[in-house]
Amino acid sequence: MKGIIEQIWENESKNGQQYLTVQIDGERYSVWDDKHFDQLQEGAEIEYEFRQSGNFKNITEVSSLTPNHEPPLYHNDRDRQITRLSCLKSAAQILAPAQVDPDAKRDLVIDTARVFERYVGENDPGSLPADLGGE
């Protein structure tokens, strides 16, 4: 199967084993084999195989389809949190004067923060993503 990784969560089982949960095209999968951990990044397009185990889908094989697979943007979870909080704060400040329903404003702030985070992660900082007015 092919898909784009939307989100990644680091987890630990009750017996202390590290594993990842990844969301690909709206579906959640577990990744138990740590040899695949460094291949998984948010926004990356991957080809993968999984095995159903009860209610869980476990990824067994994965390969990146993203051209020029770059190293992760963040060195650790703290760096990622700092970047995301900065993007969220900037989006909230920009959208503070908007006169919209609070739930709609929340969603707009989060969507805008995600656009900022993608821009921060771009390999070519001189280019703007299409949703920020680029080509």
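Conventions used here
Residue numbers restart at each chain and count upward from 1, following the sequence in its written direction. At least 70 in pLDDT is required for a residue's local features to be given in this predicted model, at least 80 for side-chain atom pairs to be given and counted, and no such filter applies to totals for whole chains, interfaces and linings, which use all residues. Hydrogens are left out, water is left out, and the side-chain values use all remaining heavy atoms of the structure. Only runs of H or I of at least four residues qualify as helices and only runs of E of at least two qualify as strands under DSSP, and these elements are numbered from the N terminus. Exposed residues in this analysis have more than 50% of their type's maximum accessible area, buried residues have under 20%, and partly exposed residues fall in between, with area computed by a 1.4 Å probe over protein chains only. Any two residues having at least one pair of non-hydrogen atoms within 4.5 Å are treated as being in contact. Note on areas: these come from Shrake-Rupley sampling with a 1.4 Å probe, and a residue is covered only by the protein chains present in the view. Grouping buried Ala, Val, Leu, Ile, Met, Phe, Trp, Tyr and Cys residues that are joined through side-chain atoms within 4.5 Å yields what is termed a nonpolar core. Any helix carries an expected span of 1.5 Å times its number of residues minus one. In this scheme, strands are said to pair when DSSP sees at least two bridges between them. Basic side-chain nitrogens of Lys or Arg form a salt bridge, by our definition, when they fall within 4 Å of a carboxyl oxygen of Asp or Glu. This arc describes the spread of directions from the helix axis toward the C-beta atoms. Convention adopted: a line fitted to C-alpha atoms gives each axis, helices being fitted over their contacting stretch, and angles between N-to-C directions are expressed from 0 to 180 degrees. For classification, angles of less than 35 degrees are called roughly parallel, those exceeding 145 degrees roughly antiparallel, those between 65 and 115 degrees roughly perpendicular, and all remaining angles oblique. Helix crossings are classified by the rotation of the near helix relative to the far one: an anticlockwise turn of less than a right angle makes the crossing left-handed, while a clockwise turn makes it right-handed. Basically, the charged four are Asp, Glu, Lys and Arg, the nonpolar ten are Ala, Val, Leu, Ile, Met, Phe, Trp, Tyr, Cys and Pro, and anything else, Gly included, counts as polar.

1. Examining the overall build of the chain
If you tally the helices and strands in the chain, you get two helices and five strands. The buried share among the 135 residues of the chain stands at 27%. Looking at the chain alone, contacts between residues at least 24 apart form 36% of all its contacts between residues at least 6 apart. As displayed, the chain offers around 9,400 Å² of accessible surface, 49% of which is attributable to carbon and sulfur atoms.

2. Some words on the nonpolar core
Soluble globular proteins tend to pack their nonpolar side chains together in the buried interior. Counting residues in each nonpolar core, the largest one holds twelve residues, listed as Ile-5, Ile-8, Leu-20, Val-22, Ile-24, Tyr-29, Val-31, Leu-40, Ile-46, Tyr-48, Ile-59 and Val-62. Top contributing element to this core by residue count: strand E2 (residues 18-24), with three residues. When sequence neighbours within four positions are dropped, the list of residues in contact with Val-22 reads Gln-7, Ile-8, Trp-9, Glu-27, Arg-28, Tyr-29, Val-31, Leu-40 and Ile-59. By size, the runner-up hydrophobic cluster in this structure holds six residues, among which are Ala-91, Leu-95, Val-109 and Ala-113.

3. Digging into helix H2 (residues 102-121)
Along its 20 residues, H2 runs 29 Å from first to last C-alpha, staying within 8% of the 28 Å computed at 1.5 Å per residue. Along H2, the residues that are buried comprise Val-109, Thr-112, Ala-113, Val-115, Phe-116 and Glu-117. Packed against the buried residues of H2 are helix H1 (77-95).

4. A short note on the pairing of strand E4 (residues 45-53)
As paired elements, strand E1 (residues 2-12) and E4 share three bridges and run antiparallel to each other. Within the sheet, the bridge partner assigned to Lys-2 lies in E4 and is Glu-47. The pairing of E4 with strand E5 (residues 56-64) spans eight bridges and is classified as antiparallel. Looking at E5, one finds that Ser-53 is bridged to Phe-56. Turn length for the E4-E5 hairpin, with the two strands adjacent in sequence and antiparallel, is two residues, and the turn residue Gly-54 shows positive phi of about 65°.

5. So, the environment of Lys-2
Considering the arrangement of structural elements, one finds Lys-2 in strand E1. Through-space distance from the C-alpha of Lys-2 to that of Tyr-48 is 6.2 Å; in sequence the pair is 46 residues apart. Excluding anything up to four places from it in sequence, Lys-2 contacts Asp-25, Ile-46, Glu-47, Tyr-48 and Leu-65.

6. Examining the pattern of salt bridges
Tallied over the entire structure, the rule returns five salt bridges. Arg-106 is the salt-bridge partner of Asp-103, the closest N and O atoms lying 3.4 Å from each other. Of this pair, Asp-103 and Arg-106 both sit in helix H2, three residues apart, which is roughly one turn of that helix. Asp-103 gets classed as partly exposed once you look at its relative accessible area, which sits at 43%.

7. Quick notes on H1
Here H1 contains 19 residues, and its C-alpha end-to-end distance of 27 Å stays within 8% of the 27 Å for a straight helix at 1.5 Å per residue. All of the buried residues along H1 are Arg-80, Thr-83, Cys-87, Ala-91 and Leu-95. In a view along the axis of H1, the buried residues occupy a sector of 90°, so they form one face of it. Projecting away from the buried face of H1 at angles above 90 degrees are the exposed residues Arg-78, Gln-81, Leu-85, Lys-89 and Gln-93.

8. Concerning the packing of H1 against H2
Running from N to C, H1 and H2 cross one another at 130°; their axes reach a closest spacing of 8 Å. With respect to each other, H1 and H2 are oriented oblique. Here the hand of the crossing between H1 and H2 comes out right-handed. Every residue of H2 that contacts H1 at Thr-83, Arg-84, Cys-87, Leu-88, Ser-90, Ala-91, Ala-92, Ile-94 and Leu-95 is listed here: Lys-105, Leu-108, Val-109, Ile-110, Thr-112, Ala-113, Phe-116, Glu-117 and Val-120. Within the contact of H1 with H2, the residues separate by chemical class into twelve nonpolar, three polar and three charged.

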